[in-house]
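Coordinate analysis (summary)
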Amino acid sequence: MLDAQLSRPEKGESVRVRFAPSPTGYPHLGNIRTALFNWLFARHCGGKFVLRIEDTDVARRVEGATEAILDGLRWLRLDWDEGPYFQSQRLGIYREVADQLLENGYAYLCYCSPRRLEAMRQEQVRRKQPPKYDRHCRHLTQKAKAELEASGITPVVRFQTPLEGQTEFQDLIRGEIVFENATLDDFVLLKSDGYPTYHLANIADDHSMEISHVLRADEWLSSTPRHMLLYRALGWQPPKFAHLPMILGPDKSKLSKRHGAVSITEYRDQGYLPEAMTNFLTLLGWSLDDKTELLSLEEIVRHFSLKRIGKTAAIFNKDKLEWMNGVYLRRLSLKEFAEQATIFLERHFSASAEWPPPPEYVYQVMPLIQERARTLAQAPQLSEFFFIDELEYDSSLLLSRGMSSTSATQAIKVTLDRLKAVGNWDVASLEGFLRPLAAELGLSARVFFGLLRVAITGRTAAPPLFETMAIIGKKRCSERLTRALDKLSTLD
Ligand code: GLU
């Protein structure tokens, strides 16, 4: 059994963790969850959080990915203490480590051409064998080596993996992990273009940056025995490893775009709040007590421990994220909410003739949106009828509570006529005027107000009717009721 002590830094041990993304794509939820857990661990322990961009895979580099990573971290307020370091600017360090391994007999030069490697791979696939380098160059004679060297071919450097035995390590989350060395390849350390592979650059940097704990995604677990072998070959003390549980979609399949695994900055653009996002991401793998859902970042930092990271996969639930974001939106002061929501309203309505309305008017609408929005991007849709005059809606909605067109027409005509006399256009006066009117018309409040709601907002579900009418104002309400009459006349 794993000793609980293991997941706590030892006395006097200084915690240095890193987030080491590859800019081969935009940062998705899984990447950022890794960053967050590292950051939380560093902040909880009073350690350091280092940012390192692993940009040595030149062919797979994606334009703008590094910026998106930095943007995402800044948005979530995951500040780093050192870096960003770029591996592409540290090639000399990796070269030196590769040379050291060559000198000490732990690595060898491989001259195999891509064509030979490809033919070998195809043959292995045909024989249903796992693709693996056949170690051809590990056994070259001195003479063959000299000839190849003279031929001008630039070799790659491969690690000389032990042919037998086991490589073991303690994972702080998964416990004891054992790999058979025979299953490991003589993997490449340095490519012919002088760039290191992930394995070499990763361990060289974790060592030189004095990383104490490596918290990374589960998918890297199978790389760890290679890393352990490298540490051993170099005589370096390895960091402690903790592989975080996978994040799966609600259907238990790998998280994909379909589930919302889009770039983290898209969540910002859709109007999620950073504090909701960090709360949500924390619970993808960590829990305080299996029941508490809402935790501020300060609380999480205070309680965070590797011990409470689960072993089983976490399930991403978009509904839960939306719900949580709604909670955080409602916790904002009205002023804060208004500031943020206005950005989304601006973006949506700026082209319309009625925009911008007076600021006091926008401010009056805000509480009604704040009550209902689960994301800020929903704000325009939730409030459209406050800002747009030409409401588009299907006329038949006016009869959705089962009224005949004649009685709906009659009800609206009477309302229009009577509201001329309403002096104070506020919630109490509107209620005092409309409730008795329903009775007088012989309609239930549900049916009558349902009709008015559609006429005023173009929808069957909207914020409370009297508040909505009070904000929209007498003139606009009258115009909308008149328009509803026109619409009703087309229904017969
Ligand atoms: N560059 C790797 C990645 O993109 C880092 C893995 C690790 O943390 O070792 O996730």
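Details of the structure are given in the entry above.
**Remarks on the nonpolar core**
Counting 111 residues, the largest nonpolar core has Y267, M277 and L434 as its most contacted members. The element contributing the most residues to this core is helix α1 (residues 29-45), with nine residues. When sequence neighbours within four positions are dropped, the list of residues in contact with L434 reads T415, F448, F449, L452, F466 and M469. Among the nonpolar cores identified, the runner-up in size contains 30 residues, and Y94, V157, I177 and I211 belong to it.

**Describing the sheet that holds strand β1 (residues 16-19)**
Pairing in this open sheet of three strands is parallel, and the strands run β1-β2-β3 from one edge to the other. Of all the strands in the sheet, the pair left with one neighbour each is β1 and β3 (82-86). Within the sheet, the average angular offset between the axes of one strand and its neighbour, ignoring direction, is 25 degrees. Across three bridges, the pairing between strand β2 (residues 48-53) and β3 is parallel. Bridge pairing in β3 places I53 opposite F86. Each of β1, β2 and β3 is contacted by helix α2 (residues 65-75), which is oriented at about 160 degrees to β2, the strand it contacts most.

**Focus on the site of the ligand**
Residues in close proximity to the ligand include R18, A20, P21, S22, E54, Y198, N202, R216 and W220, which together make up its full environment. Contact distances for the ligand include 3.1 Å between an oxygen atom and a side-chain N or O atom of N202. A distance of 2.8 Å is found between an oxygen atom of the ligand and a side-chain nitrogen or oxygen belonging to R216. Here the ligand, which alone exposes 300 Å², has 87% of that area covered by the protein. When its residues are assigned to classes, the shell around the ligand shows four nonpolar, two polar and three charged.

**Some thoughts on the sheet that holds strand β5 (residues 156-159)**
With respect to topology, three strands assemble into an open sheet ordered β4-β5-β8, the strand pairing being antiparallel. Across the chains shown, the open sheet's two edge strands, defined by having one partner strand only, are β4 (107-110) and β8 (188-190). Taking each pair of neighbouring strands and ignoring which way they run, the sheet shows an average axis angle of 45 degrees. Across two bridges, β5 lies against β8 in antiparallel orientation.

**What to know about the packing of aromatic side chains**
Tallied over the full model, the rule gives 16 aromatic pairs. Ring pairs connect the aromatic residues F349, W355, Y361, F385, F386 and F387, which therefore count as one cluster. Over the face of the ring belonging to Y133 we find R158, whose NZ or CZ atom lies 3.6 Å from the ring centre. Between the NZ or CZ atom of R347 and the centre of the ring of F344, over which it lies, the distance is 4.7 Å.

**Details of helix α6 (residues 198-208)**
The periodicity of an α-helix, 3.6 residues per turn, causes residues three or four positions apart to be oriented the same way. Counting buried positions along α6 yields eight of eleven residues, so the element is predominantly enclosed. The secondary structure elements touched by the buried residues of α6 are β1, β2, α3 (91-103), β8, β9 (213-217) and α7 (224-234). Positive backbone phi, at 55 degrees, marks E210, one or two positions downstream of α6.

**Focus on the packing of helix α13 (residues 359-372) against helix α14 (residues 379-387)**
At their nearest, the axes of α13 and α14 sit 10 Å apart, and the two run at 140 degrees to each other. Classed by the angle they form, the pair α13 and α14 counts as oblique. Of the two elements, α13 crosses α14, and the hand of that crossing is right-handed. Counted together, Y361, V362, V365, L368, I369 and R372 of α13 and A379, L382, S383, F386 and F387 of α14 form the full contact between these two elements. When grouped by side-chain class, the residues that make up the contact of α13 with α14 number nine nonpolar, one polar and one charged.

Calculation rules
Residues numbered from 1 in each chain as written. Predicted model: local features only at pLDDT ≥ 70, side-chain atom pairs only at ≥ 80, totals over all residues. Heavy atoms only, no water. Core = buried A, V, L, I, M, F, W, Y, C linked by side-chain atoms within 4.5 Å. Buried < 20%, exposed > 50% of the residue type's maximum accessible area, 1.4 Å probe, protein only. Helix = DSSP H or I, 4+ residues; strand = E, 2+ residues; numbered from the N terminus. Contact = heavy atoms within 4.5 Å. Pairing = 2+ DSSP bridges. Axes fitted to C-alpha atoms, helices over the stretch in contact; angles between N-to-C directions. Near = heavy atom within 4 Å. Polar contact = N/O pair within 3.5 Å; in protein donor to acceptor, adjacent residues only side chain to side chain. Areas by Shrake-Rupley, 256 points an atom, 1.4 Å probe, with all protein chains shown as cover. Nonpolar A, V, L, I, M, F, W, Y, C, P; charged D, E, K, R; others polar. Phe/Tyr/Trp six-rings, centres within 6.5 Å; stacked < 30°, edge-to-face > 60°. Lys NZ or Arg CZ within 6 Å of the ring centre and 35° of its normal. Parallel < 35°, antiparallel > 145°, perpendicular 65-115°, else oblique. Left-handed = near helix turned anticlockwise from the far one by under 90°.

Interpretation note: all reported values are geometric properties and have no functional meaning in isolation.
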